Amino acid sequence: MKESVQAGLPPLALCGEADMYAQIDDALYFPQIELLDEIVHGYPNATFFLTFRSMEKWYHSITHWPPRKNGPYMRDRMIKFNITGSPTCGDGVEYNYRDCNGKDVPALDEFSGWYCNHVQRVRDVVSRNPSHTLVEVDIEDPEIGQRMEETFGIEKSCWGHVNANANIHPELNQSEVTISKFQQKQQRKEEMNANNADDQEDNEQENANNSDEDEEEDGSLEAFDEADDDYATSEDVEDSEDDASFFNQQCFKARTDTVSPSLYNNLPKPYINMGFPKMGTSSLHSFFKCGGLTSTHYSCGKKSEKCSLCTKYSVEAGLPPLSQCGKADMYAQLDNGQYFPQIELLEEFIHGHPNATFFLTFRPMEKWYQSLRNWPPRQHGPHMNNRFRKLNITGLPSGKGKNLEELSDWYCKHVERVRGLIARHPSHTLVEVDIEDPDIGQHMEDMFGIEKSCWGHKNANAIMMTENMTQFDMVEMHKHYKEEETAEMKAQKKEENRLKQIKHLESLSPRRIKRRMKNGRWPDELTASKVES
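Keep in mind that what you see is a predicted model, and the values were worked out from it rather than measured. (Residues numbered from 1 in each chain as written. Predicted model: local features only at pLDDT ≥ 70, side-chain atom pairs only at ≥ 80, totals over all residues. Heavy atoms only, no water.)

1. So, the pairing of strand E9 (residues 429-434)
Argument step 1. Counting buried positions along E9 yields five of six residues, so the element is predominantly enclosed.
Argument step 2. Across six bridges, strand E8 (residues 357-362) lies against E9 in parallel orientation. Bridge pairing in E9 links Phe358 to Leu430. (Buried < 20%, exposed > 50% of the residue type's maximum accessible area, 1.4 Å probe, protein only. Helix = DSSP H or I, 4+ residues; strand = E, 2+ residues; numbered from the N terminus. Pairing = 2+ DSSP bridges.)

2. Focus: the pattern of salt bridges
Argument step 1. Throughout the structure, instances matching the rule amount to 13 salt bridges.
Argument step 2. Note that Arg53 is salt-bridged to Glu140, the shortest N-O span being 3.7 Å. Here Arg53 is found in the loop between strand E1 (47-52) and helix H4 (55-62), whereas its partner Glu140 is found in the loop between strand E2 (133-138) and helix H7 (144-152), with 87 residues between them in sequence.
Argument step 3. Note on Glu140: relative accessible area 33%, which makes it partly exposed.
Argument step 4. When salt bridges that share partners are traced, they join Asp124, Arg128 and Glu366 into one network. (Salt bridge = Lys/Arg side-chain N within 4 Å of Asp/Glu carboxyl O.)

3. What to know about the nonpolar core
Argument step 1. Within the largest apolar cluster, 45 residues are counted, with the highest numbers of intra-cluster contacts made by Ile272, Met274, Phe358, Trp368, Phe388, Trp410 and Tyr411.
Argument step 2. Broken down by secondary-structure element, the contributors of at least two residues to this core are helix H11 (244-247), helix H13 (307-316), helix H15 (346-352), E8, helix H16 (365-373), helix H17 (384-390) and helix H18 (404-423).
Argument step 3. It is H18 that contributes the most residues to this core, nine residues altogether.
Argument step 4. When residues no more than four places from it in sequence are discounted, the contact partners of Ile272 are Leu322, Tyr331, Leu334, Phe349, Ala356, Thr357, Phe358 and Phe359.
Argument step 5. Within the second largest apolar cluster, 33 residues are counted, among which are Leu36, Met78, Phe111 and Trp114. (Core = buried A, V, L, I, M, F, W, Y, C linked by side-chain atoms within 4.5 Å. Contact = heavy atoms within 4.5 Å.)

4. Thoughts on the sheet that holds strand E7 (residues 330-331)
Argument step 1. Read from one edge to the other, the open sheet built from five strands follows the order E4-E7-E3-E8-E9, with strand pairing classed as parallel. Only two strands of the sheet have a single neighbouring strand rather than two, namely strand E4 (295-296) and E9.
Argument step 2. Taken together, the two bridges between strand E3 (residues 271-273) and E7 define a ladder with parallel strand orientation. In the sheet register, Ile272 faces E7, and the bridge partner there is Tyr331.
Argument step 3. Its contacts with the sheet place H18 against E8 and E9, and it is angled at close to 155° to E8.
Argument step 4. The sheet strands contacting helix H19 (residues 440-448) are E3, E8 and E9, and the helix crosses E9 at an angle near 160°. (Axes fitted to C-alpha atoms, helices over the stretch in contact; angles between N-to-C directions.)

5. Some remarks on the packing of aromatic side chains
Argument step 1. The full count for this structure, using the stated rule, is 27 aromatic pairs.
Argument step 2. Relative to Tyr411, the ring of Phe276 lies with its centre 4.9 Å away and its plane at 65°, an arrangement referred to as edge-to-face. Here Tyr411 lies in helix H18 and Phe276 lies in the loop between E3 and helix H12 (281-290), a separation of 135 residues in the sequence.
Argument step 3. Exposure remark for Tyr411: the relative accessible area of 0% places this residue in the buried category. (Phe/Tyr/Trp six-rings, centres within 6.5 Å; stacked < 30°, edge-to-face > 60°.)

6. Quick notes on the state of the cysteines
Argument step 1. Throughout the structure, instances matching the rule amount to four disulfides.
Argument step 2. For Cys251, the disulfide goes to Cys412, at an S-S distance of 2.0 Å. On the sign convention where negative means left-handed, the S-S torsion of about -95° between Cys251 and Cys412 marks this disulfide as left-handed. Of this pair, Cys251 sits in the loop between H11 and E3 while Cys412 sits in helix H18, placing them 161 residues apart in sequence.
Argument step 3. Taking the relative accessible area as the measure of exposure, Cys251 reaches 2% and is therefore buried.
Argument step 4. Between Cys310 and Cys325 runs a disulfide, and the two sulfur atoms are separated by 2.0 Å. Since a negative S-S torsion denotes a left-handed disulfide, the Cys310-Cys325 link at about 115° is right-handed. Taken together, the residues span a long stretch of sequence, with Cys310 in helix H13 and Cys325 in the loop between H13 and E7 at a distance of 15 residues.
Argument step 5. Given the relative accessible area of 0%, Cys310 is considered buried. (Disulfide = S-S within 2.5 Å.)

7. Regarding H13
Argument step 1. The set of residues buried in H13 consists of Cys307, Ser308, Leu309, Cys310, Thr311 and Ser314.
Argument step 2. Positive backbone phi, at 80°, marks Gly318, one or two positions downstream of H13.

8. Points about a positive patch on the surface
Argument step 1. The grouping of Arg511, Arg512, Arg515 and Arg521 at the surface amounts to a positive patch.
Argument step 2. Mapped onto the elements, Arg512 comes out in helix H21 (residues 510-518). (Patch = residues over 30% accessible without salt bridge, like charges linked within 9 Å, V, L, I, M, F, W, Y side chains within 5 Å. Areas by Shrake-Rupley, 256 points an atom, 1.4 Å probe, with all protein chains shown as cover. Lys, Arg positive; Asp, Glu negative; His and termini not counted. Charge placed at Lys NZ, Arg CZ, Asp CG, Glu CD.)

See below:
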């Protein structure tokens, strides 16, 4: 699952197909904790499960599993590997499973608190995504077999004790219990030891030497040195405190009454999107192109220059922002993910294009944040949210944007600023588009006379859009975006080299400039003011 997410795919994309994924952790790395958001957003129609049992019995079970004479047991490994939210013996302490080197081993209440927090987080995340269903199962409920039969149509006789530790469950009829391969192997060893008392010492030594092998066969534990210490949960993927009132603000909701019906099919051009990347910019671009209008996205003009650069150059030359960007009906994305004309040049757009129709796009902040964290869809970063944190964008200073709330606050303030400025200039119209509104296609058709079938999801990240995609489709999409990203990086590198060259040329002495001009090695875009002076 970790490899799937690192490749920009949904968590289960590389895990084979199954109806039920009953245990996804290995008791060292917990995808249900570390990748919870990815799982929820990557599988929008999945049914999730939470299982429950008496905390005393659970704690007793993890302190005796695997069933062998000497540890470490599951509880001890959970302590050692510092799993998100789990009890530990403290950072930097050399581990000893019996006493944590003099410190008390975390007890029942600490492990129970860990599970309680996880349950609350799962319930909360699933409740915010109504397409999901959460099934909660009390495995010790005497009626659970009947309930599972009613819920899934599977005979209740299929429910029973599986993989139970005989050492701590003597009350169970072991003939009716399905045991793990690990326990079977342990039983065979015990029988062999009983028949070969003389070899007892050798067998015990063999058990010790093969402990790591046994653990891997158990299917829930791996060797200590297999843990990926580099894959720690960083601050940018931690859940920020959920504040319902914060996300209920009007800045997160598209208004449907900003366009007068009298303007339908007659909204003045150009159309300029003031929204942010990964908020439906490609959908806008494709919609208007499908409707026969000219549209640009990221690149503007015949030379395919970035819109972010041509708007900046236009303003620096004392012209309206789009003057040097070619002519189009729709400018669907102005920024390049680093420089944001819709922020830095907002007033210039409003004053320089007095009859333009502006757009703001909206989607749930959780999904936008998830999209930023996985774009571009590649195995290793940086991803878009990481880049934002390194830049110094107006409203998002360097170092900010480490979590959902900080990025959401940035967008909220931008929305309020756009609404406020346009409200003061009645020659403009602001169209607000909720890209996840099921009726948005019809709404766009009403306003622009373009068939609603032209509206759809474009440039979707495979990790976010999986309902109708095969794993082959997702891998192919990943390859496509990899190629797209490579082309983008080459263009960016070319532009950086061009700017370095210009800077170098401008630093030359008048004599060298004159010689270069004579030899035809002076770019036409540069003046020769130093020579003239």
